[in-house]
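Structural characterization, general
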Amino acid sequence: MGYAHVYAHEIMHRGRVPMEPADFVPDWADRPRKAKFHPDAESLPLPESPEPPEQAAGAVRGFTLPLLSGMLRDSYGLTGRRLAVQANTDLAALPHYTHANWSRGTASGGGLYPVSVHWAAGPGGPLTPGLYHYAPHRHGLRRLLAGDVTGEVRSALGPGAGAAAAATQYLVLGVKYWQNAFKYNSFSFHAVSMDVGALVQTWRLWAARYGLRIEPVLWFDEERLARLLGVAPEEEGIFAVVPLTWDGASEPGGRTTPADAAPADATPAGAAPADAAPAVRHRDVERSRRVLVFETLLRIHEATAGRAADRPAPDALEAAAAFPPRGGDPLPLPAPPAPPVTTARALRERRSSFGRFDASRPLAAGPFAAALADCAATAYGTEAERPGGPPLTSLYAFVNHVEGIAPGAYAYDPAAHTLRLRVPGPPGSFLQRNYFLSNYNLEQAGAVIVPTVRTTAVLDAVGDRGYRLVGATIGAVAQTFYTTAAAFGLGAGVALGFDNISYQEELGLTGTDEAPLLIMLLGHDRPRPADFRHEIA
């Protein structure tokens, strides 16, 4: 049994046994930046992508620079300033520009956004081949290294990477731990694993309108990619590689001459010597004067990075599949209605409700059914998950105020699209009693949806690196939930601050390895909220 089992146990029990360091207090005055900063790197602006039409976009042959720009902006780019009156604890600081909170399409634990996006651009693309970092605050790219490094990425992926080995363009996702650990210390690895899944799911939802597929690779030589990116492995983990199908790209090794290609004898700043493995020399400049190291975070990083290239068999996760739903007689749900707005618009309107739920208007059963169906259909979609294979997640719903459904706790059956009663009666008292924070009244939400994963079964099946798969799977479900809620104009909130073990006990999961890892609140917000109109300011 690896260390990931120990970490998973501590995460599940942290509501009753605090994780070390139990007396930790964040130093907000010395917090890090929300994105990496390479001051000496050349900056390249990304083009504005056209506003997406309300109707379906239709299939394309592959990504183009405007399409990639649009996907990055709608996922991790800044789309507006948020300054609404709400119940979160940081509200008093938000009017000050230095503490401003900027909206993004992708959700993130604590609103910290620690995932760094790098583009390994190969031949056949619109830019000089090289390695670029996406700078979300500028919506641009910083060139960290000139020269085609996609061969290095393919070598890191190793044998068995399938179609990913044929790509000429890759997005490489890293997590700079300090961007989250300064606030959440040992718990941060759990949160950032979800952040990666949420970002990948945003891309999957966004790209699907154009007939493009997003299929992340999770198993690869992480040490080799960390060396390529020029990051210290204990400071930044490399969590996923996403190959891109590019419109008009040549095969690996093919000859192309991009319009802005540098001369063959050029040695741009940041390039590696010809006789050495390619590696970025530009370094991220840390804002914090003091960076703390947390032993638990180091240990779980090392456990999940070890043997990272040992890709499991395609059927390895069959033993960790979700259990069939159990409960009372099936209660049919209405067919999920079609969302009234596009994915891109939903992403730009996504936000957390933070205490603004209003129980005076019950949640309609149709959007509730759509949220359940969409979340149940969500998977992280790595090479370890067999296409069409059994799901890793189960869904439970605590119904407070949903039209036509009696209050109670239910198990969702995605195959039959029904609910099965687990615990009758209004769940509001249980929900609020087992929530740690003061920014939500859970009883006022129409329903609270809880995804579970058989965490220990996943770890037994694919090893410690499976913890990243567990977190990313839950993060992907959370992003689907947020996007569906925004598409239907509903309030939504996702929280990690609850007693996991109490939920296990309440749902009758004690003695199983089903782990409730997230609570997702859905309902109507109060009408006419006080909000800051950033677009006219």
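You'll find the structure just up there.
Residues numbered from 1 in each chain as written. Predicted model: local features only at pLDDT ≥ 70, side-chain atom pairs only at ≥ 80, totals over all residues. Heavy atoms only, no water.

1. Describing the overall build of the protein
Applicable threshold: Secondary structure elements are defined from DSSP: runs of H or I of at least 4 residues count as helices, runs of E of at least 2 residues count as strands, and each element is numbered from the N terminus. Here's how the labels work: a residue is buried when its accessible area is under 20% of the maximum for its type, exposed when over 50%, partly exposed in between, all with a 1.4 Å probe on protein chains only. Note on contacts: a residue pair is in contact if any heavy atoms of the two residues lie within 4.5 Å. Accessibility throughout is a Shrake-Rupley quantity obtained with a 1.4 Å probe, and a residue counts as covered only by protein chains that appear here.
A tally of regular secondary structure across the protein gives 13 helices and 16 strands. Within the protein, the proportion of its 537 residues that are buried is 57%. Within the protein, counting contacts between residues at least 6 apart in sequence, those at least 24 apart form 80% of the total. About 21,700 Å² of surface is accessible on the protein, with carbon and sulfur atoms providing 54% of the total.

2. Some details on a negative patch on the surface
Condition: Patch members must show over 30% relative accessible area and no salt bridge, and they are joined within 9 Å when carrying like charges or within 5 Å when they are nonpolar side chains of Val, Leu, Ile, Met, Phe, Trp or Tyr. Any carboxyl oxygen of Asp or Glu within 4 Å of a side-chain nitrogen of Lys or Arg constitutes a salt bridge here. By the counting rule applied here, Lys and Arg register as positive and Asp and Glu as negative, while His and the ends of each chain are not counted. In this description, the location of a charge corresponds to atom NZ of lysine, CZ of arginine, CG of aspartate or CD of glutamate.
Side chains of E234, E235, E295 and E302 sit close together on the surface and give a patch of like negative charge. Within the secondary structure, E234 sits in the loop between helix 6 (222-229) and strand 8 (236-244). Look at E234 and you get partly exposed, because its relative accessible area is 44%.

3. As for the layout of surface pockets
Rule in force here: Every definition here rests on a 1 Å grid over the protein atoms only: cavities are sets of points where a 1.4 Å probe fits but cannot get out, pockets are open sets enclosed by protein on both sides within 12 Å along at least five of seven lines, and lining residues have some atom within 4 Å of a point. Grid points are joined across faces, edges and corners, and a volume is the space filled by probe spheres set on the points.
If you add up the space inside the second largest pocket, you get close to 1,200 Å³. Lining the second largest pocket are 49 residues, and of these R213, I214, E215, G381 and T382 sit closest to its centre. When residues of the lining of the second largest pocket are traced back to their parent elements, those giving at least two are helix 5 (188-208), strand 8, helix 9 (365-376) and helix 12 (466-487). Tallying contributions element by element places helix 5 first for the lining of the second largest pocket, with four residues.

4. Some words on the pairing of strand 12 (residues 418-424)
For a regular strand, side chains alternate in direction, first toward one face of the sheet and then toward the other. Selection rule: DSSP calls a pair of strands paired once it identifies at least 2 bridges connecting them.
Across three bridges, the pairing between strand 9 (residues 330-332) and strand 12 is antiparallel. In the strand pairing of strand 12, L331 is matched with L419. Pairing of strand 11 (residues 408-413) with strand 12, which is carried by six bridges, proceeds in the antiparallel orientation. Residue pairing across strands places A411 opposite R420, the latter belonging to strand 12. Counting the residues that bridge the hairpin from strand 11 to strand 12 gives four residues, and of these H417 lies at a positive phi of roughly 55°.

5. A look at the pattern of salt bridges
Inspection of every chain in the model, using the stated rule, returns 21 salt bridges. Close ionic contact of R16 with D499 constitutes a salt bridge, the shortest N to O distance being 3.1 Å. Of this pair, R16 sits in the loop between helix 1 (3-13) and strand 1 (42-45) while D499 sits in the loop between strand 14 (491-495) and helix 13 (500-506), placing them 483 residues apart in sequence. On the basis of relative accessible area, R16 is assigned to the partly exposed category, the value being 42%. Judged by relative accessible area, D499 falls into the buried class, the value being 8%.

6. Structural notes on helix 9
Condition: Multiplying 1.5 Å by the helix residue count minus one yields the expected span of that helix.
Look at helix 9: 16 Å from first C-alpha to last across twelve residues, which is about the 16 Å you get at 1.5 Å a residue. Of all twelve residues that make up helix 9, ten are buried, and the element is covered over most of its length. Among all positions of helix 9, only A365, G366, P367, F368, A369, A370, A371, L372, C375 and A376 are buried.

7. Side note on the sheet that holds strand 1
Note the cut-off: For helices, the fitted line uses only the C-alpha atoms of the stretch in contact; every axis is such a line through C-alpha atoms, and the angle between N-to-C directions lies from 0 to 180 degrees.
Reading across the sheet, the six strands line up as 1-6-5-4-7-8 and stay open at both edges, with antiparallel pairing between neighbours. Edge positions in the open sheet fall to strand 1 and strand 8, since each of these has one partner strand only. The sheet shows a mean angle of 30° between the axes of neighbouring strands, direction not considered. Together, strand 4 (115-121), strand 7 (169-176) and strand 8 form the strand contacts of helix 3 (residues 150-157), whose direction differs from that of strand 7 by roughly 70°.

8. A word on the side chain of Q179
Our working definition: Any pair of N or O atoms that falls within 3.5 Å is considered a polar contact. Within protein, one atom must be able to donate a hydrogen and the other to accept it, and sequence-neighbouring residues count only if both atoms are side-chain atoms.
Note on placement: Q179 falls in helix 4 (residues 178-184). A distance of 3.3 Å separates a polar side-chain atom of Q179 from the backbone oxygen of K34. Only 3.4 Å separates the side chain of Q179 from the backbone oxygen of Y113, close enough to count as a polar contact. When near neighbours in sequence (up to four residues on either side) are disregarded, Q179 contacts P32, R33, K34, A35, K36, L112, Y113 and P114.

9. Some points on the nonpolar core
Rules: Throughout this description, the term nonpolar core refers to a set of buried Ala, Val, Leu, Ile, Met, Phe, Trp, Tyr and Cys residues connected via side-chain atoms within 4.5 Å.
Within the largest apolar cluster, 113 residues are counted, with the highest numbers of intra-cluster contacts made by F63, W119, W203 and F368. Residues within four places of F63 in sequence aside, it is in contact with L68, M71, A207, L212, I214, L244, T245, W246 and D247. Among the nonpolar cores identified, the runner-up in size contains 24 residues, and A41, L144, L157 and L228 belong to it.

10. Quick look at the pairing of strand 6 (residues 140-146)
Counting buried positions along strand 6 gives seven out of seven residues, so the element sits mostly inside the fold. Taken together, the four bridges between strand 1 and strand 6 define a ladder with antiparallel strand orientation. Paired with L44 across the two strands is L141, which belongs to strand 6. Both strand 5 (residues 130-135) and strand 6 contribute to a ladder of six bridges, which runs antiparallel. Its bridge partner lying in strand 6, Y132 is registered against R143.

11. Here we look at the packing of helix 1 against helix 11 (residues 455-462)
For clarity, the threshold we go by: The labels follow the angle: roughly parallel below 35 degrees, roughly antiparallel above 145, roughly perpendicular from 65 to 115, and oblique for the rest. Here the term charged refers only to Asp, Glu, Lys and Arg, the term nonpolar to Ala, Val, Leu, Ile, Met, Phe, Trp, Tyr, Cys and Pro, and the term polar to all other amino acids, Gly among them.
Where helix 1 meets helix 11, the axes come as close as 10 Å, and the angle between the chain directions of the two elements is 170°. The angle between helix 1 and helix 11 falls in the class roughly antiparallel. Along its contact with helix 1, which presents A4, H5 and A8, the element helix 11 presents T455, T456, L459 and D460. Per-class residue counts for the contact of helix 1 with helix 11 are three nonpolar, three polar and one charged.

12. Looking at the packing of aromatic side chains
Spelled out, the test is: Pairs were defined over the aromatic rings of Phe, Tyr and Trp, the Trp ring being its six-membered one, requiring ring centres within 6.5 Å. Orientation was assigned from the angle between planes: stacked under 30 degrees, edge-to-face over 60, tilted for the rest. Here, a charge over a ring is recorded when the distance from Lys NZ or Arg CZ to the ring centre is within 6 Å and its angle to the ring normal is within 35 degrees.
Under the defined criterion, the tally for this structure stands at 21 aromatic pairs. Seen from their ring centres, Y177 and F189 are 6.0 Å apart, and the 40° between their planes marks the pair as tilted. Of this pair, Y177 sits in the loop between strand 7 and helix 4 while F189 sits in helix 5, and the two are twelve residues apart along the sequence. A cation over an aromatic ring shows up here: R209 above the ring of Y210, its NZ or CZ 5.6 Å from the ring centre. Here the basic side chain of R465 rests over the ring of F220, its NZ or CZ set 5.0 Å away from the ring centre.

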